[in-house]
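Residue-level structure breakdown
The chain contents come next:
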Amino acid sequence: MENVATIAAVRERLQTARSAGRTVGFVPTMGNLHAGHLALVDALRPQCGLLVASIFVNPLQFGPNEDLDAYPRTLAEDEAALSERGVDLLFAPSVEEVYPDGTTLQTRVSVPGLGDILCGASRPGHFDGVATVVTKLFQIVTPDFAAFGRKDFQQLTLIRRMVRDLSMAVTIVDVPTSRASDGLALSSRNGYLTSDERARAPALYRSIEKAAARIESGDAAFDDITAEAMASLEQAGFRPDYFTIRNRDTLAEPGPRDRELVILAAAWMGRTRLIDNRTVDRPLQGAP
Ligand code: PAF
């Protein structure tokens, strides 16, 4: 695996790959890689002649009181894992390389209606930061395929919409959430949990599973399902941010005819904000 830190070096490598007719796959990350990131690599490896990964802790997507400085940086381990998994090119730029004029006057990409709800409401500016850096990375790498995890369901939805709205020539591949054996979704932020918090954390997914079971059995009392989930999260020691049932494509409140839904939840365990989700299909009316 080749490791480059400049946009010019990525473009040079891409030119060679393109002229050899190779399909380009891309896995953008912020590093501190776990099995969930490696599953993104595995999803693209078979169909791509050149597989590019990036590691960049993007300051634009962190709020002023968030964990930018504390965000775990483990470049040497990440490099070894990506290389072992068959990544061809790693782009690990500095902040100055990506934002040479700083971030204040940086042109931003904003996805209305998706960037300011749910996690976007709790983390103002976060999704503009994500959309902006992903746009820049797509401009640099010009991938045919790019992989994103379903764990960040709102991010995935927003990126799909951005790609469509801006006519970007990239196919987004989504990859199922990787979980620990007790159900907790893998996340770099799990490393912030104390051992007691880690033991309680799987309650987040359990509350989602319970809600999904009620919906699948035909229960349409969404307010009640949500209230029960919020109470069970509090009981498990979480401070819930939101627990909600949405239309899977738009993330809007579901109408009575919407069958393809997603349950989305975000909750604080101590100082760590965890998110998780699960898609669920509402049964046809009259079906058992
Ligand atoms: O999901 C992430 O790790 C980040 O939001 C991403 C997509 C790499 C953009 O910084």
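Located above this text is the structure these notes cover.
Residues numbered from 1 in each chain as written. Predicted model: local features only at pLDDT ≥ 70, side-chain atom pairs only at ≥ 80, totals over all residues. Heavy atoms only, no water.

1. Notes on unusual backbone geometry
What counts, and what does not: Secondary structure is summarised from DSSP: a helix means a run of H or I of at least four residues, a strand means a run of E of at least two, and numbering begins at the N terminus for each.
With a phi angle near 50°, Asn32 is a residue other than glycine that sits in the positive phi range. Along the polypeptide, Asn32 turns up in the loop between strand S2 (24-29) and helix H2 (35-44). We note that Ser167 has phi near 50°; this positive angle belongs to a residue other than glycine. Inspection of the secondary structure puts Ser167 in the loop between helix H7 (153-165) and strand S6 (171-175).

2. A few points about the site of the ligand
What counts is decided by this rule: When we say a residue is near a molecule or strand, we mean one of its heavy atoms is within 4 Å of it. Two N or O atoms count as a polar contact when they lie within 3.5 Å, although within protein this holds only if one can serve as hydrogen donor and the other as acceptor, and sequence-adjacent residues are included solely when both atoms are side-chain atoms. Per-residue and other accessible areas follow the Shrake-Rupley method at a 1.4 Å probe size, with only the shown protein chains counted as cover for residues. Basically, the charged four are Asp, Glu, Lys and Arg, the nonpolar ten are Ala, Val, Leu, Ile, Met, Phe, Trp, Tyr, Cys and Pro, and anything else, Gly included, counts as polar.
Taken together, Pro28, Thr29, Met30, Gln61, Val133, Phe148 and Gln155 make up the full set of residues near the ligand. Gln61 is positioned with one of its side-chain polar atoms (N or O) 2.6 Å from an oxygen atom of the ligand. At 2.7 Å, a side-chain N or O of Gln155 approaches an oxygen atom of the ligand. When the ligand is considered free in solution it has 290 Å² of accessible area, and contact with the protein chains removes 89% of it. For the shell around the ligand, the residue count by class is four nonpolar, three polar and no charged.

3. Remarks on the sheet that holds strand S4 (residues 89-91)
For the record, the criterion: Only strands joined by at least two bridges in the DSSP assignment are considered to pair. Convention adopted: a line fitted to C-alpha atoms gives each axis, helices being fitted over their contacting stretch, and angles between N-to-C directions are expressed from 0 to 180 degrees. Throughout, a contact is declared for two residues whenever any of their heavy atoms are within 4.5 Å.
Sheet architecture is open: six strands sit in the order S1-S4-S3-S2-S5-S6, paired in parallel fashion. Both edges of this open sheet fall to strand S1 (2-4) and S6, since each of them pairs with a single strand only. Shown here is a sheet whose adjacent strand axes are inclined to one another by a mean of 25°, direction ignored. Examined bridge by bridge, S2 and strand S3 (residues 50-55) share six bridges and lie parallel to one another. Counted as the bridge partner of Val27 is Ala53 from S3. In the packing of helix H1 (residues 7-19) onto the sheet, the strands contacted are S1, S2, S3 and S4, and the crossing angle to S4 comes to about 155°. Running over the sheet, helix H6 (residues 126-141) touches S2, S3, S4, strand S5 (145-149) and S6 and is turned about 150° from S2.

4. With respect to the packing of H6 against H7
The line we're drawing: Throughout this description, any angle smaller than 35 degrees is read as roughly parallel, any larger than 145 degrees as roughly antiparallel, any in the 65 to 115 degree range as roughly perpendicular, and the remainder as oblique. Helix crossings fall into two classes, left-handed where the near helix is turned counterclockwise from the far one by less than a right angle and right-handed where it is turned clockwise.
Put simply, H6 and H7 touch, their axes get as near as 11 Å, and they point 55° apart. In terms of orientation, H6 and H7 fall into the oblique class. Note that H6 runs across H7; the crossing there is right-handed. From H6, Phe127, Val130, Ala131, Val134, Thr135 and Phe138 reach across to H7, where they touch Gln154, Gln155, Leu158, Ile159, Met162 and Val163. Grouping the constituent residues of the contact of H6 with H7 by class yields nine nonpolar, three polar and no charged.

5. Topic: the environment of Arg259
Rule in force here: Working definition: with a 1.4 Å probe on protein chains only, accessible area under 20% of the residue-type maximum means buried, over 50% means exposed, and in between means partly exposed.
You can see Arg259 is positioned in the loop between strand S7 (239-247) and strand S8 (260-269). Arg259 gets classed as partly exposed once you look at its relative accessible area, which sits at 36%. Residues Arg259 and Ile275 lie 16 residues apart in sequence; the distance between their C-alpha atoms is 23 Å.

6. A few points about the packing of aromatic side chains
Cut-off, in case you're wondering: To pair, rings of Phe, Tyr and Trp, with the six-membered ring standing in for Trp, must have centres within 6.5 Å; the planes then decide the type, stacked if under 30 degrees apart, edge-to-face if over 60, and tilted in the middle. Counting as a charge over the ring demands two things of the Lys NZ or Arg CZ atom: a distance within 6 Å of the ring centre and an angle within 35 degrees of the ring normal.
With the rule as written, the count across this model stands at four aromatic pairs. Centre to centre, the rings of Phe56 and Tyr99 are 6.1 Å apart; their planes meet at 50°, and the pair counts as tilted. Here the residue Phe56 occupies a position in the loop between S3 and helix H3 (75-84), and Tyr99 occupies one in the loop between helix H4 (95-98) and helix H5 (119-122), the gap between them amounting to 43 residues. For Tyr99, a relative accessible area of 3% translates into the label buried. A centroid spacing of 5.7 Å and a plane angle of 75° characterise the contact between Phe62 and Tyr71, whose relative ring orientation is edge-to-face. We note that Phe62, like Tyr71, is buried. An aromatic cluster is present here, built from Phe26, Phe138 and Phe148 joined pairwise through their rings. Note that Arg179 overlies the ring of Tyr205, its terminal NZ or CZ placed 3.5 Å from the centroid.

7. Focus: the sheet that holds S7
Taken in spatial order, the three strands make up an open sheet running S7-S8-S9, and their pairing is antiparallel. In this open sheet, the two strands that pair with only one neighbour each are S7 and strand S9 (272-281). Averaged over neighbouring strand pairs, the angle between their axes works out to 10° when direction is ignored. In the sheet, S7 pairs with S8 via eight bridges, with the strands oriented antiparallel. Residue pairing for S8: Phe243 is matched across the bridge by Ala265. Sitting on the sheet, helix H10 (residues 222-235) is in contact with S7 and S8, with an inclination near 155° to S7.

By themselves, these observations are geometric and do not establish any function.
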